[in-house]
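# Descriptive structure summary
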Amino acid sequence: MVRRLSPATAERCTPCGAGRAPNFAGVVLPLLLLLLSSAGAQVDPFAGLTIVPFGEQIFDIATGMTTLPDGGEVVDRATGIVLSAPYILLQEGVFIEARDAEASGDFGTFRADTLTVDLGLSLLLAEGDLEVVREGQVVRSEQLTYFAEARVLRISGGVVGENPMLSATAIVLDVDSGESLLVGPYSFEDDLVTLRSNLEGSLLELTPVEIDGLLTFDAATEVSPETLARFEPYLP
């Protein structure tokens, strides 16, 4: 059974609440308790989503799937990640799929042909003509994976970057520290140094450093044990 919601109604509904008036008394108190109990604690990624349709919202009661044929926006209140696209399909607690999507969060902003979020694994996957922008850096590639619980971003497949100039098989980035690994074959070039490796699987460690208000990077071909231990589970 499919339930079609008008735009005016859909903006007030999420899949689990379609057809029911909001119970503010039953929502506000648990939310306040959650905020108090989780202060200083890490909130699970994608634990609470807000859905904002740009037009019609269709909820299939039989499958629990919601379609936004006119597009919309999905906001993860736990992480601040915002996804927007002209077409979105989702199933609460299971997945989100979007076409021609744009996403923003602590990892930066990117656009992709297709985007999928595995809500159970807290995993965001994007493919296609990718462009990632983060703190003035621009990276283009074919695939992106964001491990939301670990807060690690992996960009792979024909990686080419600007500011600084670089190329690599993949980049693995710690979203919080800004530290990253280039996976070879790679090249890295800035005003001070040019580094290259033709070896498959070779690694270059990049550590962000701010000098006179400008972001630059310390590059090391010998990766520290701490950095390697942090990134090894996410290397391609």
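Rules used in this analysis
Residues numbered from 1 in each chain as written. Predicted model: local features only at pLDDT ≥ 70, side-chain atom pairs only at ≥ 80, totals over all residues. Heavy atoms only, no water. Phe/Tyr/Trp six-rings, centres within 6.5 Å; stacked < 30°, edge-to-face > 60°. Buried < 20%, exposed > 50% of the residue type's maximum accessible area, 1.4 Å probe, protein only. Lys NZ or Arg CZ within 6 Å of the ring centre and 35° of its normal. Helix = DSSP H or I, 4+ residues; strand = E, 2+ residues; numbered from the N terminus. Contact = heavy atoms within 4.5 Å. Core = buried A, V, L, I, M, F, W, Y, C linked by side-chain atoms within 4.5 Å. 1 Å grid on protein atoms, 1.4 Å probe; cavity = no way out; pocket = protein on both sides within 12 Å on 5 of 7 lines; lining within 4 Å. Points joined across faces, edges and corners; volume = space filled by probe spheres on them. Salt bridge = Lys/Arg side-chain N within 4 Å of Asp/Glu carboxyl O. Nonpolar A, V, L, I, M, F, W, Y, C, P; charged D, E, K, R; others polar.

## Description of the packing of aromatic side chains
Using the criterion set out here, one finds three aromatic pairs in the structure. With 5.7 Å between their ring centres and 40 degrees between their planes, Phe107 and Phe110 make a pair best called tilted. This pair shows no difference in class: Phe107 is buried, exactly as Phe110 is. Members of the aromatic cluster, joined through ring pairs, are Phe107, Phe110 and Tyr146. Lying across the ring of Tyr87, Arg99 places its NZ or CZ 4.2 Å from the centre.

## A look at the environment of Val117
Within the secondary structure, Val117 sits in strand β9 (residues 108-118). Exposure remark for Val117: the relative accessible area of 0% places this residue in the buried category. Sequence separation between Val117 and Ala98 is 19 residues; the distance between their C-alpha atoms is 9.0 Å. If we ignore the near neighbours within four places in the chain, the residues touching Val117 are Phe46, Leu83, Val94, Phe95, Ile96, Leu123 and Leu124.

## Description of the nonpolar core
Counting residues in each nonpolar core, the largest one holds 41 residues, and the members touching the most others are Leu83, Phe110, Leu115, Leu144, Tyr146 and Leu182. Residues in contact with Leu182, not counting those within four places in the same chain, are Leu166, Ala168, Ala170, Ile171, Ser187, Phe188, Ser202, Leu203, Leu204 and Leu206.

## So, empty space enclosed by the protein
With the rule as written, the count across this model stands at one cavity of 30 Å³ or more. By volume, the largest cavity amounts to about 270 Å³. Elements with a minimum of two residues in the lining of the largest cavity: β10 (123-134), β11 (137-147), β12 (152-162), β13 (165-174), β14 (180-183), β17 (203-211) and β18 (214-220). The element that contributes the greatest number of residues to the lining of the largest cavity is β12, accounting for four residues.

## Regarding the pattern of salt bridges
Think of it this way: side chains of opposite charge can pair up when their charged atoms draw near. Applying the stated criterion across every chain yields a total of six salt bridges. Between Glu131 and Arg111 there is a salt bridge, and its shortest N-O distance comes to 2.5 Å. Taken as a pair, Glu131 in strand β10 and Arg111 in strand β9 lie far apart in primary sequence, 20 residues in all. Note that Arg230 and Asp174 form a salt bridge whose closest N and O atoms lie 2.8 Å from each other. In this pair, Arg230 sits in helix α3 (residues 225-231) while Asp174 sits in strand β13, placing the two residues 56 residues apart along the sequence. Residue classification places Arg230 among the partly exposed positions, given a relative accessible area of 30%.

## Thoughts on the environment of Leu90
One can find Leu90 in strand β7 (residues 87-91). The class for Leu90 is buried, based on a relative accessible area of 3%. Between the alpha carbons of Leu90 and Leu119 there is a distance of 9.9 Å; along the sequence they are 29 residues apart.

## Observations concerning the layout of surface pockets
In this model, the second largest pocket occupies a volume close to 290 Å³. If you trace the second largest pocket, you find it lined by Asn163, Pro164, Asp190, Asp191, Leu192, Ile211, Leu214, Leu215, Thr216 and Phe217. It is β18 that provides the largest number of residues to the lining of the second largest pocket, a total of four residues. Here the lining of the second largest pocket is built from residues that sort into six nonpolar, two polar and two charged.

Structural measurements only, silent on function.
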